[in-house]
Amino acid sequence: MNHSRYSSVAITLHWLIALIIIGNIIGGLALDTFLDSADPAMKMTGFKIIQLHKAFGLTVIGLSVLRLLWRLANPAPALPAHMTPLEVLLAKATHLGFYALMLLLPLSGWAMVSTSAKRFPISYFGLFDVPYLPLGQSKALGGLMHESHELLGYGAIVLIALHVAAALKHHYFDRDDVLARMLPLVRKRG
Ligand code: HEM
Ligand code: HEM
């Protein structure tokens, strides 16, 4: 079956996940400034940010599993016919990369804190504590997961930049409906 636009479920999940990931990248990168501060109020804010970072990050795992299942059951609309084979390949690779990142980025964070000797509880927005992954405490694995989390975070920034540039190119240069079908607030360019 060929659809001409994304369903409202796909659109809602896309923007919800995008918002959380972008917020978590900003929060993750800003964290050290708060935690390294001599000001106790700044430090406390840093602890609050990291709690929210973990809870929002874990939410991305749940939303991404839902999104992946929805996507498997509901194929994406066909890409515009004007795209070259290289552009189609780049678009598909970016989207596939995003699906991998949406799962691996939060999973690496969860694995990092699960292997840490500091047993800070992972509070899910104060509602309940999320269990650690059963990996055992390990400095080596924790270090590897920390590196992976950081690298995947930088990878996400690169993919987002490419993705946004592509979306704007479709809208302003190609004047097709690629942005409009994911962002119904904007209208297809005439
Ligand atoms: C969408 C999900 C997530 C994104 C985009 C994200 C992104 C980031 C980024 C960019 C950093 C800064 C990396 C650095 O410069 O060192 C960071 C740090 C961190 N993240 Fe995440 N993260 C996510 C999910 C999680 C989850 C689920 C957890 C744990 C349950 C977690 C735990 C941490 C911790 C503890 C740090 C601080 C590491 C340190 O000590 O420097 N993250 N995250
Ligand atoms: C962390 C941020 C983001 C992630 C992880 C993400 C991920 C994705 C993924 C995986 C798809 C493919 C959907 C599918 O076919 O299943 C997609 C499509 C799309 N995204 Fe994003 N996105 C992000 C941010 C953005 C932003 C900021 C924009 C707008 C400037 C945007 C615009 C679009 C558009 C227009 C499509 C539709 C492409 C098409 O129809 O083929 N995305 N996004």
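Residues numbered from 1 in each chain as written. Chains lettered and ligands numbered in written order. Predicted model: local features only at pLDDT ≥ 70, side-chain atom pairs only at ≥ 80, totals over all residues. Heavy atoms only, no water.

## With respect to the packing of helix α1 (residues 8-35) against helix α4 (residues 139-174)
Working step 1: One can describe the packing of α1 onto α4 by two numbers: an axis separation of 11 Å at closest approach and a directional angle of 130 degrees. Judged on the interaxial angle alone, α4 and α1 are oblique. Along this stretch, α1 crosses α4, giving a crossing that reads as left-handed. Of the residues in α4, those in contact with H14, I21, I22, I25 and L29 of α1 are G153, Y154, A156, I157, I160 and H163.
Working step 2: Among the residues making up the contact of α1 with α4, the classes are represented as eight nonpolar, three polar and no charged. (Axes fitted to C-alpha atoms, helices over the stretch in contact; angles between N-to-C directions. Helix = DSSP H or I, 4+ residues; strand = E, 2+ residues; numbered from the N terminus. Parallel < 35°, antiparallel > 145°, perpendicular 65-115°, else oblique. Left-handed = near helix turned anticlockwise from the far one by under 90°. Contact = heavy atoms within 4.5 Å. Nonpolar A, V, L, I, M, F, W, Y, C, P; charged D, E, K, R; others polar.)

## Quick look at the site of ligand 2
Working step 1: Inspection of the region around ligand 2 gives 20 residues, with H14, R71, Y99, H163 and R181 positioned closest.
Working step 2: Interatomic distance of 2.9 Å between a side-chain N/O atom of Y6 and an oxygen atom of ligand 2.
Working step 3: The side chain of H163 places a nitrogen or oxygen atom 2.7 Å from a nitrogen atom of ligand 2.
Working step 4: Looking at the shell around ligand 2, the elements with two or more residues in it are α1, α2 (40-73), α3 (85-115), α4 and α5 (178-182).
Working step 5: Of the residues contributing to the shell around ligand 2, the split by class is 14 nonpolar, three polar and three charged. (Near = heavy atom within 4 Å. Polar contact = N/O pair within 3.5 Å; in protein donor to acceptor, adjacent residues only side chain to side chain.)

## Remarks on the UniProt feature "transmembrane region" (unreviewed entry) in the protein
Working step 1: UniProt records the feature "transmembrane region" (unreviewed entry) for residues 12-35, 55-73, 93-113 and 151-173 in the present numbering.
Working step 2: Between the C-alpha atoms that bound residues 12-35 the distance is 33 Å, and the span itself is 100% helix and 0% strand.
Working step 3: Helix makes up 100% of residues 55-73 and strand makes up 0%, while its end C-alpha atoms are separated by 28 Å. (UniProt positions renumbered as here; feature names shortened; annotations may be inferred.)

## Considerations on α1
Working step 1: Between the first and last C-alpha of α1 there are 39 Å, a value that for 28 residues agrees with the 40 Å anticipated at 1.5 Å per step.
Working step 2: Approximately 35 degrees is the largest bend angle found in α1, and it occurs at L29.
Working step 3: If you check which residues of α1 are buried, you get A10, I11, L13, H14, I17, I20, I21, N24, I25, G27 and L31.
Working step 4: Check the buried side of α1 and you find it contacts α2, α3, α4 and α5. (Expected span 1.5 Å × (residues − 1). Bend = angle between axes of the 7 residues up to and from the residue. Buried < 20%, exposed > 50% of the residue type's maximum accessible area, 1.4 Å probe, protein only.)

## Notes on a nonpolar patch on the surface
Working step 1: Among the surface-exposed residues, L52, F56, F125, L127 and F128 lie close enough to one another that they form a single nonpolar patch of about 500 Å² accessible area.
Working step 2: Here F56 shows up in helix α2.
Working step 3: F56 gets classed as partly exposed once you look at its relative accessible area, which sits at 35%. (Patch = residues over 30% accessible without salt bridge, like charges linked within 9 Å, V, L, I, M, F, W, Y side chains within 5 Å. Areas by Shrake-Rupley, 256 points an atom, 1.4 Å probe, with all protein chains shown as cover. Salt bridge = Lys/Arg side-chain N within 4 Å of Asp/Glu carboxyl O.)

## Examining the site of ligand 1
Working step 1: Around ligand 1, the surrounding shell holds 22 residues, and the nearest of these are N24, H53, L105, H146 and H149.
Working step 2: One of the side-chain N or O atoms of H53 is found 2.7 Å from a nitrogen atom in ligand 1.
Working step 3: In the environment of ligand 1, a nitrogen atom lies 2.8 Å from a nitrogen or oxygen atom belonging to the side chain of H149.
Working step 4: Taken together, the elements giving at least two residues each to the shell around ligand 1 come down to α1, α2, α3 and α4.

## Examining the pattern of salt bridges
Working step 1: Across all of its chains, the model carries two salt bridges by this definition.
Working step 2: For the salt bridge of E87 with K169, the shortest nitrogen-to-oxygen distance reads 3.4 Å. Note that E87 is positioned in helix α3 and K169 in helix α4, a separation of 82 residues in sequence.
Working step 3: The closest approach of N and O atoms between K169 and D174, which form a salt bridge, is 3.0 Å.
Working step 4: Assessed through its relative accessible area of 34%, K169 is described here as partly exposed.
Working step 5: Within the structure, one salt-bridge network assembled from shared partners comprises E87, K169 and D174.

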